[in-house]
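A closer look at the structure
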Amino acid sequence: MQVLKFGGSSVGSEKAIGSVVEIVAQSLQNKPCIVVVSAMQGVTDQLLMLAQTAAQGNEAYKTIIENIEQKHLDIVRTLLPIQQQSATLSIVKQLINEIEANCEGLFMLKELSPRMKDKIVCYGELLSSKIIAATFAAKGINQQWVDARELIKTDSNFLNAVVDKELTYKTIQDYFKNPANAFDLYIAPGFISSDKEGNTTTLGRGGSDYTGAIFAAALDAERLEIWTDVSGMMTADPRIVQNAKEIPQISYQEAMELSHFGAKVIYPPTIQPVMHKNIPVLIKNTFDANHPGTIIQNESPKDDNFIRGISSIQDICLLSLEGSGMVGIPGFSKRLFEALANKQINIILITQSSSEHSICVGVNIQDAHQAKIAVDAEFEKEIQIQKVEPLIIEKEVSILALVGEQMKSHPGVSGKMFSVLGRNGINVRAIAQGSSEKNITAVIATSDVRKAINVLHEAFFETSYKQVNLYIAGVGNVGGKLIDQIKKQVGYVQEQLRLQINIVGIANSKRQIINQDGIDLSNWREQMVEAPLGDINKYVNTIIENNLRNSVFVDVTAHEQVANAYAQLLGKAVSVVACNKIACSSPYDNYLKLKSLAREYNASFLFETNVGASLPIIGTLNNLILSGDSINKIQAVLSGTLNFVFNQYDGTVPFAQVVRQAQAEGYTEPDPRMDLGGTDVMRKIMILAREAGNKIEMSDIENEGFLPATYFDGSVEDFYKEMEKQEAHFKKIYDAAAAKNCKLKFVANFENDANGKGVAKVGLQHIEPSSDFYHLYGKDNLVLFYSGRYPELPLVVKGAGAGADVTASGVFADIIRAARV
């Protein structure tokens, strides 16, 4: 005997039922079949709504009945030949009349008992099974409709009845042994059963799977086939994880764990009957019958996939019983569980601290109120004398489960799991693991479930690549170049570094594009023109609400408001890559706070391009410090803008014109006064000093500027006009240096004085030909690190220190570093 069960989606339309007929016809070529069917898709929900509506005294229940009736009449008329429709239409009418009669009673009494709810909801399976039986009869197949209520016997726990297996198995076996019941095909309604008094009961939502398993176990079937609308079980919910993989083979135990923790493909109790009889279960797709699907059997496959799947249960709450009076006193756990059991509250998860100070259990959210009443009543005396606290309820949490039978032979699985969650800022509220080590369960915030499942799936199943989600702020010269570079290199980075870079957000000061699936970079500039309006606060809030895994915020602006958002982002485990120097040159306490937040929430805070564009200046300094070296002195030309200006200026072309050229070529800050006034260089030397371990503020740095204070009044255009008026001033500075055969360089210097205090100074200097700075051309930067290991001959970093392309490439490099953590 073969047992095939078809779910609601498999019998939800004429086309779907046509597929069922083909599948069953193929199976009948081998041996007789029992076909168990669910109600048509959506009908069970309609029947529940119908019962509730009628019990509320709402005449709208009549419309619901009409809709249910029409749905089934239509399917009969499309499936059966006209001359064979009459009998089946009559059966549908008769069942609808019974529904109507029951609802009239509910309407009058305005009371809906569990017993009546079972009686109403069973009609979904009765209707679908009768129609499908008629369909096979019309095909000339020797079939028999079997009333599952006469064969499957339960207790009277309506809505979720417990099967009397001994009686049920005997009843089924006796029925099929009777020669009068010998047919090729048997059609049975799933989900429904009856108690010893003949009252209709049901096996719980999803119980049609269980019906199939009961028939298979009772008759020692060759196998149980469960036909649904997916091609077997998957490593995660494909609606959550885009790259979820099919599971070709899985053990009974693993399937039970996954189904218990929310995998919807199979109803959890289904496994028990077939497991005891060692009957394989095959999960197949009605709409892709040739797909091999998933086979569930006794042994887990011995392969490299020691994790079989990831699942979750949402809509739960944590109940915590805490108190010093619990320590060392036996019986508290027993009383807690009895209080919950007496109210028929199912416990999903249990965990207890070794100090015995608290017990924590997970239950369905709808049971929370009843649980609190029951537990507080049970421990009323202890609560009054403050030995125990009133029951604490924590809502908006979910259970996350990592399942695999072979975990027990692979140390480090839990460490990897919690490390991955921690790196993504996902807080674990409770942990449970059985000694069998078939699953590791964690309780997390419901808002983190999608991200958690994705990062775990990426860590345990996706050896191909890691997805990194970028939010870019600033699309000027550098930002635009960065996006173009990413677009060009995305294939190479995925192939060579196993990183999938996904730009999900682009924002300027007025507009922002957000697309969690990734922004089309072929026309992002055009999209920005029509993008919704929004400021940085809206952008940051959206980033946090989206809560995507491996998120990186990239600041390619020069705005203080953007820099002020770093703390909020780092606190949510969003990594920050900053080209903007404002945060790292802000007050020292804020700088330390940002570094501390990055460490605390396992996020990256990278700002290599704050100094020297793409030159590895900060990275080199960090490596020296991390390896135990100490910095004695730093000398540097840190402004590509000023170096370009003073390399170009010789008095033949106005100084203002040279500065305009530098701005046009993308070397200056948005406000060139930041460069020419020395503020930008002050920020850079301060950042280096801080990274070397020194506490220093902007006010501690001496600035020997070459521009009078009046230059900084008014707008940028006013600044250019003032420079044009004062051309003689710049010519005089140049001539003084040229007379000594020197060049002009704006030099930054930091060193420790005799008392060990760091002293920093910036200013325009006359550089002699013997200096390292003399032969520094174009927009190049040069940094000399004098340290314990490089006391006389410094470690030198030299190269282009300005320009949109090189700066963008430095930001890109930081993104890669953040992604590879």
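Quantities reported herein were computed from a predicted structural model and do not represent experimental measurements. (Residues numbered from 1 in each chain as written. Predicted model: local features only at pLDDT ≥ 70, side-chain atom pairs only at ≥ 80, totals over all residues. Heavy atoms only, no water.)

1. Comments concerning the overall build of the protein chain
Within the protein chain, the regular secondary structure consists of 30 helices and 28 strands. Here the C-alpha radius of gyration of the protein chain, 36 Å, is well above what a compact globule of 821 residues would show, namely 28 Å. Its C-alpha atoms give the protein chain principal-axis dimensions of about 120 × 70 × 55 Å. Among the 821 residues that make up the protein chain, the fraction classed as buried is 53%. Carbon and sulfur atoms make up 47% of the accessible area of the protein chain, which amounts to about 35800 Å² in all. Across the protein chain, the centroid of the 78 positively charged side chains sits 1 Å from that of the 92 negatively charged ones. (Helix = DSSP H or I, 4+ residues; strand = E, 2+ residues; numbered from the N terminus. Rg over C-alpha atoms; globule rule 2.2 N^0.38 Å. Buried < 20%, exposed > 50% of the residue type's maximum accessible area, 1.4 Å probe, protein only. Areas by Shrake-Rupley, 256 points an atom, 1.4 Å probe, with all protein chains shown as cover. Lys, Arg positive; Asp, Glu negative; His and termini not counted. Charge placed at Lys NZ, Arg CZ, Asp CG, Glu CD.)

2. Focus on the side chain of S311
Locating S311 in the fold gives a position in strand β11 (residues 309–322). Look at S311 and you get buried, because its relative accessible area is 6%. For S311, the side chain forms a polar contact with the main-chain oxygen of L258, separated by 3.5 Å. (Polar contact = N/O pair within 3.5 Å; in protein donor to acceptor, adjacent residues only side chain to side chain.)

3. Notes on the side chain of D195
Mapped onto the elements, D195 comes out in the loop between β5 (192–194) and β6 (200–202). It is R115 that comes nearest to the buried, bridge-free D195 among opposite-charge side chains, at 6.6 Å. One polar contact links the side chain of D195 to the main-chain amide nitrogen of N199, over a distance of 2.8 Å. (Salt bridge = Lys/Arg side-chain N within 4 Å of Asp/Glu carboxyl O.)

4. What about the sheet that holds strand β10 (residues 294–297)?
In spatial order, the strands read β3-β4-β2-β1-β7-β9-β10-β8; together these eight strands make up an open sheet with mixed pairing. Edge positions in the open sheet fall to β3 (143–145) and β8 (249–251), since each of these has one partner strand only. Neighbour to neighbour, the strand axes of the sheet diverge by 20 degrees on average, direction disregarded. Strand direction decides the pairing type here: strand β9 (residues 281–285) and β10, joined by three bridges, are antiparallel. Opposite I283, over in β10, you have T294 as the bridge partner. Along the sheet, helix α1 (residues 14–27) contacts β1 (2–6), β2 (33–37), β4 (185–189) and β7 (224–228); its crossing angle with β1, the most-contacted strand, is approximately 175 degrees. Of the strands in this sheet, β2, β3 and β4 touch helix α6 (residues 123–138), which is tilted by about 165 degrees from β4. (Pairing = 2+ DSSP bridges. Axes fitted to C-alpha atoms, helices over the stretch in contact; angles between N-to-C directions. Contact = heavy atoms within 4.5 Å.)

5. A word on helix α12 (residues 332–342)
Turning to α12, its buried residues number three or more, namely F332, L336, A339 and L340. Axial view of α12: buried residues confined to an arc of 95 degrees, hence all on one face. For α12, exposure combined with an orientation more than 90 degrees from the buried face picks out K334 and N342. Lining the buried residues of α12 we find β11, β12 (347–352), β13 (358–364), α13 (368–378) and α14 (380–384). Taken from the residues just after α12, Q344 is the one with a positive phi, measuring 55 degrees. (Arc of directions from axis to C-beta.)

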